[in-house]
Amino acid sequence: MSSQVGIGTTLCDIRVLDLTRNLAGPYCTMILGDMGAEVIKVERTGSGDDTRNWTPPTWNGQSTTFLSANRNKRSIALDINTAEGIKIVRTLAYQADILVESFKPGSLEKRGLGYEDLKEKNPRLIYCSISGYGSKGPMRNDPGYDPIMQASSGIMDMTGEPDQEPVRLPIAVNDLGAGIWAVIGILSAVMRRQATGQGSLVETSLFETAAWWMNYHITGYLATGVPPVRCGTGTPFIAPYEVYPAADEGLLVCVGNDNLFRSFVEELHIPDLATDERFATNPMRVENREELRKLIEERFQTRTAAEWEEILKARAIPCSRILTVADLVDNEQLESLDLLRSTAHSSIPDLRLIDLPLSLNKGRAAQNYSPPSLGEQTSEILIELGYTEGEIRELRKKGVIS
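Residues numbered from 1 in each chain as written. Predicted model: local features only at pLDDT ≥ 70, side-chain atom pairs only at ≥ 80, totals over all residues. Heavy atoms only, no water.

Tell me about the sheet that holds strand β9 (residues 241-245), and please be specific about residues and values.
Sheet strands line up and pair through hydrogen bonds in the backbone, either parallel or antiparallel. Pairing in this open sheet of 3 strands is antiparallel, and the strands run β9-β10-β11 from one edge to the other. Both edges of this open sheet fall to β9 and β11 (319-321), since each of them pairs with a single strand only. The sheet shows a mean angle of 20° between the axes of neighbouring strands, direction not considered. Here strand β10 (residues 250-254) pairs with β11 via 3 bridges, running antiparallel. (Pairing = 2+ DSSP bridges. Helix = DSSP H or I, 4+ residues; strand = E, 2+ residues; numbered from the N terminus. Axes fitted to C-alpha atoms, helices over the stretch in contact; angles between N-to-C directions.)

Got a sec to walk through the sheet that holds strand β5 (residues 74-78)? Specific residues and values, please.
Spatially, 6 strands are ordered β5-β2-β1-β6-β7-β8 in an open sheet, and the strand pairing comes out parallel. Single-partner strands in this sheet number two, and they are β5 and β8 (200-205). Along the sheet, successive strands turn relative to each other by an average axial angle of 20°, direction set aside. Sheet topology note: the strand β1 (residues 15-19)/strand β2 (residues 38-44) ladder contains 4 bridges and is parallel. The residue bridging L17 from the neighbouring strand is I40, located in β2. Packed onto the sheet, helix α7 (residues 173-196) meets β6 (98-101), β7 (126-131) and β8 and runs at close to 165° relative to β8. (Contact = heavy atoms within 4.5 Å.)

A description of a negative patch on the surface should follow, citing residues and the corresponding values.
On the surface, D248, E249, E307 and E310 cluster together into a patch of negative charge. Judged by its relative accessible area of 63%, E310 falls in the exposed class. (Patch = residues over 30% accessible without salt bridge, like charges linked within 9 Å, V, L, I, M, F, W, Y side chains within 5 Å. Areas by Shrake-Rupley, 256 points an atom, 1.4 Å probe, with all protein chains shown as cover. Salt bridge = Lys/Arg side-chain N within 4 Å of Asp/Glu carboxyl O. Lys, Arg positive; Asp, Glu negative; His and termini not counted. Charge placed at Lys NZ, Arg CZ, Asp CG, Glu CD. Buried < 20%, exposed > 50% of the residue type's maximum accessible area, 1.4 Å probe, protein only.)

Requested: an account of the packing of aromatic side chains, with residues and values cited.
What the rule picks out here adds up to 8 aromatic pairs. Between Y115 and Y127 the ring centres are 5.8 Å apart and the planes differ by 55°, which places this aromatic pair in the tilted class. With a gap of 12 residues between them, Y115 in helix α5 (residues 115-118) and Y127 in strand β7 connect regions that are remote in the sequence. When its relative accessible area of 11% is taken as the criterion, Y115 is described as buried. Residue class for Y127 comes out buried when judged on its relative accessible area of 1%. Judged by centre distance (5.8 Å) and plane angle (80°), the ring pair of Y216 and F237 falls under edge-to-face. With a gap of 21 residues between them, Y216 in helix α9 (residues 215-224) and F237 in the loop between α9 and β9 connect regions that are remote in the sequence. (Phe/Tyr/Trp six-rings, centres within 6.5 Å; stacked < 30°, edge-to-face > 60°.)

Structure (structure tokens):
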């Protein structure tokens, strides 16, 4: 079923002005574009979005990071430090349903592009700000990048092996998470606008997102006064729930309840462990984790990881070998879900991108625009705003656009 009846049409009457860069904001606006919104991405003249230069890797000379976060957008390259550039952005904002920005707090206000400035002429505007640390507090003006949030929130402190230094998650969880929270806030504001006719100011930040990821760990700390510790591939409150070495490689096993544990130890041919007072309940298994691990590892050494995986999956015991990105790309489940989709692109004929992980009535996301080159639609957008070819040439001559 096509996206014409799916998730790719839900925002088809919505216009979004994208004043973001890097990852959090672009992911937010890409999701809105995937849901059918018309997205106009404003980029700096000359260099554009920072992620255009986050290389390697590249695909036919283009940053794969940029490609992954910027489909379903049109690009206009503007110098918003000029009066003419600010005027263009203001005109676009007056026509927009949603504006998303990720500038340093107060930066757009200095240009007359803050929420209070724009809502006077566009009271229905939904204005979403994505920042590092939020709009208030002692750290509001500090620069915020995903690794900084991982380091400062406890995420890194909990990641890695117990006897080694903390490590950073290799995915930008706070960037992507903040982008998703921004979408949730924006959609909530859209619903509110339907009822009241009024726009809203939506705010989220990477810091708030990082703190939210830690929510159940924070609750545990507040309850006990004991900070959580690094557990490698395991988790502090469930056992067995980690990677165990088989005869050739490791296998991650997640035994999340007593019934699964009973099935698990039966397949390991040590069924008595299910009634052993040391392991009969999850709290006891956690308390005696080291002893349980030794017993499991001893049995795991008798077969390969693939053999154990087949045996355990036959009993519906969650487990997996440690696979690679290459394995994921070739995964039959990925293909069955049509999640890795070919995307038309003028200079990358074989471009494939991970789709929005949602469907509606079996319909996937919209595919209206491939990730744009810098300023690819600058003239097109300006003509839509009423600029003449001569005025556009003059703006380009002045360096206002590129």
